[in-house]
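Here are the chains, one letter per residue:
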Amino acid sequence: MVDALRRARGWLRRTGFLVDLHPTSAVAVVIVGDTIAGPLETGSAVSRHQAATDAITSVLRERLYTKDDEMEFEHSTYAKTLEELQEHIVEDWCEGRIGDDTMARARALIGDAPGVRPRVRERVSASLLLPRGN
Amino acid sequence: MAIIEDPEQHEAAALARMVPSFAGRHVLEIGCGDGRLTRKYARDAARVIAIDTDVEDIAELRRELPFVDARSIGIHDLVLPPHSVDVAIFAWSL
């Protein structure tokens, strides 16, 4: 990850900049309406996301970049049904799945609110980095 | 499958805050996938190189945005001239 940031720095113009978007290490959750049904099972995702944050910290410490801006936002993925959401996560997310307990709670919540689309909510970090010494 | 990602447009808002204008800029997007983020800015940029190791995603991106230089390649195999990029975007790819 640090190497990728180093390579990108070499391609950036002096006036250029780098934008990084990556999920934070906060656990993604399944939500029905406004209620959290439970956490998503994400395997090693939390440690990978933490490693991305650490890579940013590392290139800042090495003074390869300076941080000009940063923010966090919520990113939600909606499906029509829980089964559809599960299928999408299993197919597209590395090691992700809705566990049995979370699935059961989400089903109960949907039973109380038919027609509501279930979603997965992640926290995403955005950083704006300026190359130093280019 | 009727999957809807970020209908609240929080990601687009974050990108707009970080990059108020793509006009005239040479952009490199790393980890573009099928172009979910690319399509939000590509028409405004002067040039876009978008890379991802997923061959099917890159094929889809080429079909939808043929003016984007989409390559199924990882960052460590990418060769570009030094100091040729205005904006590098790591799209959920670090």
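Preceding this paragraph is the structure being described.
Figured I'd write up the structure that's included with this text.

Focus on the environment of Ala42 of chain B
Residue and element names in this part refer to chain B. For Ala42, the position within the fold is in the loop between β2 (26–30) and β3 (47–52). A sequence separation of 51 residues divides Ala42 from Ser93, and the C-alpha atoms of the two residues are 18 Å apart. With near-sequence residues (within four places) excluded, Ala42 lies in contact with Val48, Leu65 and Val68.

Some thoughts on helix α1 (residues 2–11) of chain A
By the burial criterion, the buried members of α1 of chain A are Ala4, Leu5, Ala8, Arg9 and Trp11 of chain A. Looking straight down α1 of chain A, one finds that the buried residues subtend no more than 160 degrees of arc, so they occupy a single side. Next to the buried residues of α1 of chain A lie β1 (12–23), α2 (45–61), β4 (65–78) and β5 (118–131) of chain A together with β2 and β5 (85–91) of chain B.

Notes on the interface of chain B and chain A
Of the residues lining the interface, 30 residues belong to chain B; the matching set on chain A comes to 36 residues. Going through the elements one at a time, β1 (4–5), α1 (10–18) and β5 of chain B are the ones with two or more residues in the side of chain B that touches chain A. Per-element tally for the side of chain B that touches chain A: the top contributor is β5 of chain B, with 7 residues. Considered class by class, the residues forming the side of chain B that touches chain A number 21 nonpolar, 3 polar and 6 charged.

What about the pairing of β5 of chain B?
All names here are of chain B. When you tally the buried positions in β5, you get 7 out of 7 residues, the bulk of the element. Pairing between β2 and β5: 4 bridges, direction parallel. Looking at the pairing, Ile30 lines up with Phe90 of β5.

Points about the nonpolar core
Ranked by size, the top nonpolar core spans 46 residues in total, and within it Leu18 and Val19 of chain A together with Ala50, Ala88, Ile89 and Ala91 of chain B carry the most contacts. Ala79, Leu82, Ala106 and Val120 of chain A belong to the second-largest nonpolar core, a separate cluster that totals 15 residues.

Cut-offs applied
- Residues numbered from 1 in each chain as written.
- Chains lettered and ligands numbered in written order.
- Predicted model: local features only at pLDDT ≥ 70, side-chain atom pairs only at ≥ 80, totals over all residues.
- Helix = DSSP H or I, 4+ residues; strand = E, 2+ residues; numbered from the N terminus.
- Contact = placed C-beta atoms within 7 Å.
- Buried ≥ 20, exposed ≤ 12 C-beta atoms within 10 Å, placed from the backbone.
- Arc of directions from axis to C-beta.
- Nonpolar A, V, L, I, M, F, W, Y, C, P; charged D, E, K, R; others polar.
- Pairing = 2+ DSSP bridges.
- Core = buried A, V, L, I, M, F, W, Y, C linked by C-beta atoms within 7 Å.

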